[in-house]
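An overview of the molecular structure
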Amino acid sequence: ETGVTQSPTHLIKTRGQQVTLRCSSQSGHNTVSWYQQALGQGPQFIFQYYREEENGRGNFPPRFSGLQFPNYSSELNVNALELDDSALYLCASSSRQGTQYYEQYFGPGTRLTVT
Amino acid sequence: AQSVTQLDSQVPVFEEAPVELRCNYSSSVSVYLFWYVQYPNQGLQLLLKYLSGSTLVESINGFEAEFNKSQTSFHLRKPSVHISDTAEYFCAVIRMDSSYKLIFGSGTRLLVRP
């Protein structure tokens, strides 16, 4: 069974640019969540995608957007990058069934540096 | 709204000594509770969770945590730590009525010294 994978591992961008981060969910999982982890802080929830639709969003501006594809993989897009966007971006996949609790499995993350 | 507080940013301890990492939470609704571990340059791994039942939960590598509803705490303990336990530990909660958004504390770095 393949776990959650993310690409790229590291990325350096310039302020104002746009970036796309990718996540492949674990086999059998239908839900992907994205978190931002700034240096020295705990992860913060960005949004979740369930069956290709956004299902819940944290306190992040609209320039943070996402997609989920029919194979349940996902992309996180960030436009107009700011220095404060420098962080580890974590993807977590899960197998959601209704409103019951479902465990989230995290990928290794993508380290984004904005200069 | 929910919040999680981990008062200790770093806990240094000698190998084979006991350790406690503190976690307190605030929530107006019932929550599930979790401890995650993050090794250097890696993602998060679920260490243990409290969903219901016995308030004392254990992991396979010797950690345990006890849910205390009156004190709104979920402290993590291990009676004897190893060098390999050196990592960042995050306490987290999730609402029972909408279980999609994990809310994390700021983390505690456990540093085990020989």
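Right above here is the structure, for reference.
What comes next is a walk through the structure. (Residues numbered from 1 in each chain as written. Chains lettered and ligands numbered in written order. Predicted model: local features only at pLDDT ≥ 70, side-chain atom pairs only at ≥ 80, totals over all residues. Heavy atoms only, no water.)

**Looking at the overall build of chain B**
Counting its secondary structure elements, chain B contains zero helices and twelve strands. The globule rule puts the C-alpha radius of gyration for 114 residues at 13 Å, and the 14 Å found for chain B is close to it. Projected onto its principal axes, the C-alpha coordinates of chain B cover approximately 45 × 30 × 25 Å. For chain B, restricting intrachain contacts to residue pairs at least 6 apart in sequence, the fraction spanning at least 24 positions comes to 58%. Averaging the positions of the 9 positive and the 10 negative side-chain charges in chain B gives two centres separated by 8 Å. (Helix = DSSP H or I, 4+ residues; strand = E, 2+ residues; numbered from the N terminus. Rg over C-alpha atoms; globule rule 2.2 N^0.38 Å. Contact = heavy atoms within 4.5 Å. Lys, Arg positive; Asp, Glu negative; His and termini not counted. Charge placed at Lys NZ, Arg CZ, Asp CG, Glu CD.)

**A closer look at the layout of surface pockets**
Its boundaries defined by the atoms lining it, the largest pocket holds a volume of some 450 Å³. Along the walls of the largest pocket sit 20 residues, with Gln37, Leu88 and Arg111 of chain A together with Gln38 and Asn41 of chain B positioned nearest its centre. Among the residues making up the lining of the largest pocket, the classes are represented as eight nonpolar, nine polar and three charged. Reported here for the second largest pocket is a volume of approximately 230 Å³. Broken down by secondary-structure element, the contributors of at least two residues to the lining of the second largest pocket are β5 (44-50) of chain A together with β11 (103-104) of chain B. A per-class count over the lining of the second largest pocket returns six nonpolar, five polar and one charged. (1 Å grid on protein atoms, 1.4 Å probe; cavity = no way out; pocket = protein on both sides within 12 Å on 5 of 7 lines; lining within 4 Å. Points joined across faces, edges and corners; volume = space filled by probe spheres on them. Nonpolar A, V, L, I, M, F, W, Y, C, P; charged D, E, K, R; others polar.)

**Section: the interface of chain B and chain A**
Listed as interface residues are 19 residues of chain B and, on the opposing side, 22 residues of chain A. For the pair chain B and chain A, the two sides together bury roughly 1600 Å², of which 58% comes from carbon and sulfur. In this structure, the connection of chain B to chain A is made through one salt bridge. A salt bridge links Glu103 of chain A to Lys49 of chain B, with the nearest nitrogen and oxygen atoms 2.8 Å apart. (Buried area = accessible area lost by both parts, 1.4 Å probe. Salt bridge = Lys/Arg side-chain N within 4 Å of Asp/Glu carboxyl O.)

**Overview of the packing of aromatic side chains**
Evaluation of the coordinates by the stated rule reveals 14 aromatic pairs over all chains. Relative to Tyr36 of chain B, the ring of Phe106 of chain A has its centre 5.5 Å away and its plane inclined at 85°; by these criteria the two rings are edge-to-face. Placement of the pair is Phe106 of chain A in strand β10 (residues 105-106) and Tyr36 of chain B in strand β5 (residues 31-38), with the two residues belonging to separate chains. One exposure class covers both Phe106 of chain A and Tyr36 of chain B, and it is buried. Plain terms: the ring middles of Phe106 of chain A and Phe104 of chain B are 6.3 Å apart, the flat faces sit at 75° to each other, and that makes the pair edge-to-face. Of the two residues, Phe106 of chain A is situated in strand β10 and Phe104 of chain B in strand β11; the pairing between them involves two chains. For the pair Phe106 of chain A and Phe104 of chain B, a shared accessibility class is recorded, and that class is buried. One aromatic cluster is present, built from ring pairs that chain together Tyr35, Phe45 and Phe106 of chain A together with Phe34, Tyr36, Phe90, Tyr100 and Phe104 of chain B. Note that Arg96 of chain A overlies the ring of Tyr50 of chain A, its terminal NZ or CZ placed 4.2 Å from the centroid. (Phe/Tyr/Trp six-rings, centres within 6.5 Å; stacked < 30°, edge-to-face > 60°. Buried < 20%, exposed > 50% of the residue type's maximum accessible area, 1.4 Å probe, protein only. Lys NZ or Arg CZ within 6 Å of the ring centre and 35° of its normal.)

**Topic: the nonpolar core**
Counting 28 residues, the largest nonpolar core has Leu33, Trp35, Leu48, Phe74, Leu76 and Tyr89 of chain B as its most contacted members. Those elements that provide at least two residues to this core are β2 (10-14), β3 (19-21), β5, β6 (44-50), β8 (64-68), β9 (73-78), β10 (87-95) and β12 (108-113) of chain B. In this structure Phe74 of chain B touches Cys23, Leu33, Phe34, Trp35, Leu48, Tyr50, Val57, Ala65, Glu66 and Phe67 of chain B, once residues within four positions along its chain are discounted. If you look at the next biggest cluster of nonpolar residues, it comprises 19 residues, including Tyr49, Val78, Tyr89 and Val114 of chain A. (Core = buried A, V, L, I, M, F, W, Y, C linked by side-chain atoms within 4.5 Å.)

**Overview of the pattern of salt bridges**
Residues and elements named next belong to chain A. Inspection of every chain in the model, using the stated rule, returns eight salt bridges over all chains. Between Arg63 and Glu82 there is a salt bridge; the shortest N-O distance is 3.3 Å. Taken together, the positions of Arg63 in the loop between β6 (53-57) and β7 (64-68) and Glu82 in the loop between β8 (74-78) and β9 (87-94) put the pair 19 residues apart, joining distant regions of the chain. The class for Arg63 is buried, based on a relative accessible area of 16%. Of the charged contacts in the structure, one is a salt bridge between Arg63 and Asp85, with a shortest N-O distance of 2.8 Å. With a gap of 22 residues between them, Arg63 in the loop between β6 and β7 and Asp85 in the loop between β8 and β9 connect regions that are remote in the sequence. Through salt bridges with shared partners, a single ionic network connects Arg63, Glu82 and Asp85.

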